[in-house]
Amino acid sequence: MAEELIQVDLKGKEGAIRVRSKVSLWLKRGIPLLILAILALLPVFQIVEGTLNYWIHMLMYVFLYVIMSSSWNIIGGFAGYVSLGHNVFFALGAYFAGMLFLATRISPFISAPVAGLLAMGFGLLFGLIALRTRGSTFIISTIALVLLMAELFDNWKLTGGTNGLALPLIDLPGQFAKIPYYYYLLVVMVLCVVASYFIKHSKFGLALRAISQDETKAEVAGIPTRKYKILAFGLSGLFIGVAGAVWGSYLTYLRPSIFLTVSLGTSIVLNTILGGKGTIAGPVVGTAIMIAVNEFVVAKLGATELNIVVTGLILIFVLLFFPEGIVGSLKARNKLPSFLDWD
Amino acid sequence: MALLEIKGLNKSFGGIQAVSDCNISVEKGKITSLIGPNGAGKTTVFNLVTGLLSPDSGEILFEGKKINHLQPHQITRMGISRTFQITRDLQEMTVLENMVVQSQVHGFWDMFGSSMLKEEEERAMDLLSFVGITHLAHEKSKNLSYGQKKLLEFASVLMSEPKLLMLDEPAGGVNPTLLESIIDRIVELNKKGVTILIVEHNMELVMKISDPVICMAYGTVLAQGSPKEIQDNQQVLEAYLGE
């Protein structure tokens, strides 16, 4: 009798645990999917109400930076090679699609994937040379790449020099003009984050993580480290190139002073570190927080340079208490809400 | 035919001749020990064979094929695995990941397959149970003790099913009980057909399980023979104790 009772009790407990784990699984997948659904439906409100242009613009800004940070994470987060020059892929994508449009009228929406492949090809070539180095030498080589590219584009007739290139506005009423760009970037962002998940959980990703821990050990374990690093560097340029093509067309003007600054390359890295490099959700969380804070400060205090001070302070304080970034440190302490645990 | 053949090997760092005209041959199926005083060039020989260093001159042949200028990962894939004098583990990765990272990727598309295939996980767990640390499989390797890291490294290099296993001081920093267990594992592996080359200072281990023993000093081979012959060799004693 007593035994039976205990068994029933056990069953009840197990059942409760099963229900709880089902609920947490639902939350884990449900909340990100809900956010995604809201993001996907937002332009409908814009079409009906026409009052969300500001939000659409800000969200596109977030999508763009998430694409850049999440891509950077493949080489910088997984493999541990910090590149401060990933905005070069962005510029290449934008200029390629822009110039192609001016010459042939082929829409950047069509040429964007090609722009991505071109950026990736460039990444493989640059990686072939620069990934012979590591540590600070590698970092400096990526800064040098940005400066070199800026110099080149500033003085090259074909790219319009410092004046850059002007592209026509999209042929849609202002109310709807942002929407195609919005969806394009949203899709590319989702693809990019999903791709980074699959890379992390592949043999390739495991090898990249091994490289970040101890490159000699990885090599002796049978991993062709040089080949893998070059491939990771190239892959990390793919989605940034696509985003560049779309963003350039959205801005309607391409200038080295927008695309090829060291501060842009750095902010990609800082956003990722704030969120947690090497994690899947980190680049998304870090980027969203940084852009939100920056925008809030600008809205409250006006376009002074104070926003830079505030974001700097936030970065310092967060990293003081979350040395592995928000997602990374919370996960290490087992305090990460399940809906942010995308690893 | 010898499994590993080193002929006239030379390597110098600046003005120091670390390995000089060194000739070693490792017979298939045996446990060969490499001994010698500090600075004799034993670890340098290991680094040259595994491709972490490239020789100034000389030849290294594995199964009759020259491997001098291959990259370390290519040499590993030919069937040579090694451990390090001071264990090298992938700190932020779990014990299981440390194991599986050693298994081989065959084609380009395998790279994008799952990081841990079912059969790899099973094989890794088998090897972890071989050294008795299955309970640590999901622990990050940085949380392991030094002895446990030694066992992990020993188990992980077996993932690639090496023909030649090179152990750099397997007894270094290990307590006597653990040492016994490591010795047993080495002998058991050897019985399964793995050829083993050991660098070791622990004479108890060397004399107990290896034959032949090769003694190096000043970058070259001083003497070679059975444990007994080496123990009685006057030159070897001088190299260790000074004159």
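Reading guide: rules and limits
- Residues numbered from 1 in each chain as written.
- Chains lettered and ligands numbered in written order.
- Predicted model: local features only at pLDDT ≥ 70, side-chain atom pairs only at ≥ 80, totals over all residues.
- Helix = DSSP H or I, 4+ residues; strand = E, 2+ residues; numbered from the N terminus.
- Pairing = 2+ DSSP bridges.
- Contact = placed C-beta atoms within 7 Å.
- Axes fitted to C-alpha atoms, helices over the stretch in contact; angles between N-to-C directions.
- Core = buried A, V, L, I, M, F, W, Y, C linked by C-beta atoms within 7 Å.
- Buried ≥ 20, exposed ≤ 12 C-beta atoms within 10 Å, placed from the backbone.
- Domains from an automatic or database assignment.
- Nonpolar A, V, L, I, M, F, W, Y, C, P; charged D, E, K, R; others polar.
- Expected span 1.5 Å × (residues − 1).
- Parallel < 35°, antiparallel > 145°, perpendicular 65-115°, else oblique.

S.K.: Explain unusual backbone geometry to me, please; I cannot follow it from the model alone.
M.R.: Peptide bonds are mostly trans, and most non-glycine residues show a negative phi. Residues D211(B) and P212(B) are joined by a peptide bond in cis, for which omega reads 5°. Along the chain, the position of P212(B) falls in the loop between α7 (203-209) and β9 (213-217). Here N334(A), not a glycine, exhibits a phi torsion of approximately 60°, which is positive. Even without glycine at this site, D21(B) takes up a positive phi of about 40°. Along the chain, D21(B) turns up in strand β2 (residues 16-27).

S.K.: Explain the sheet that holds β2(B) to me, please; I cannot follow it from the model alone.
M.R.: Pairing between the strands of a sheet is mediated by backbone hydrogen bonds and can be parallel or antiparallel. All names here are of chain B. Pairing is antiparallel in the open sheet, where four strands are placed in the order β2-β1-β4-β5. One side of each edge strand has no neighbouring strand; the edge strands of this open sheet are β2 and β5 (65-66). Seen against the sheet, helix α1 (residues 42-49) touches β1 (2-13), β2 and β4 (57-62) and runs at an angle of roughly 70° to β2.

S.K.: Can you walk me through the nonpolar core in this structure?
M.R.: One recurring pattern in soluble globular proteins: nonpolar side chains tend to sit buried together. In this structure, I67(A), L185(A), A207(A), A232(A), A243(A) and V246(A) are the most contacted members of the largest nonpolar core, which totals 154 residues. Here this core gets 15 residues from one element, more than from any other, and that element is helix α9 (residues 225-251) of chain A. Each of domain 1 (1-83 + 163-243) and domain 2 (90-156) of chain B contributes no fewer than three residues to this core. Leave out the neighbours within four places in its chain, and I67(A) touches V188(A), M189(A), C192(A), F239(A), I240(A) and A243(A).

S.K.: I keep staring at the interface of chain B and chain A and nothing clicks. Help me out?
M.R.: For an interface, size is often stated in terms of accessible area lost upon the parts coming together. Each partner contributes to the interface: chain B provides 25 residues, whereas chain A provides 19 residues. The leading source of residues in the side of chain B that touches chain A is helix α2 (residues 72-78) of chain B, at four residues. Along the lines of polarity and charge, the residues of the side of chain B that touches chain A split into nine nonpolar, ten polar and six charged.

S.K.: I'm lost on helix α11 (residues 262-275) of chain A in this one. Help?
M.R.: Quick reminder: α-helices carry 3.6 residues per turn. Residues three or four places apart thus point the same way. Residues and elements named next belong to chain A. Compared with an ideal rise of 1.5 Å per residue, which puts 14 residues at 20 Å, α11 spans 20 Å between its outermost C-alpha atoms and is within 8% of the ideal. Among the 14 residues that make up α11, ten are buried, leaving the element largely enclosed by the rest of the structure. L264, G265, S267, I268, V269, N271, T272, I273, L274 and G275 are the residues of α11 that are buried. The secondary structure elements touched by the buried residues of α11 are α2 (53-78), α3 (87-104), α5 (135-155), α12 (282-301), α13 (306-321) and α14 (325-332).

S.K.: Got a minute to help me understand the sheet that holds strand β7 (residues 164-168) of chain B in this structure?
M.R.: Residues and elements named next belong to chain B. Strands sit in the order β6-β7-β8-β3-β9-β10 across an open sheet of six strands; the sheet is mixed. Two strands in the sheet have a free side with no partner beyond their single neighbour: β6 (80-82) and β10 (220-225). Going from strand to strand, the sheet's axes swing by 20° on average, the running direction of each strand aside. As paired elements, β9 and β10 share five bridges and run antiparallel to each other. Bridge pairing in β10 links I214 to Q224. Strands β3 (31-35), β6, β7, β8 (195-199) and β9 of the sheet are contacted by α1, whose axis makes an angle of about 145° with β7. Contacting β9 and β10, helix α9 (residues 234-241) runs over the sheet at an angle of about 130° to β10.

S.K.: Hey, could you run me through the packing of α3(A) against α5(A) in this one?
M.R.: The relative placement of two packed helices comes down to the angle between their axes together with the axis-to-axis distance. Residues and elements named next belong to chain A. Axis separation between α3 and α5 bottoms out at 9 Å; the angle between their running directions is 30°. Taken as axis vectors, α3 and α5 run roughly parallel relative to one another. Together, N87, V88 and A91 of α3 and L145, V146 and M149 of α5 make up the contact between the two elements. For the contact of α3 with α5, the residue count by class is five nonpolar, one polar and no charged.

Take it as geometry only, folks, not as evidence of what the structure does.
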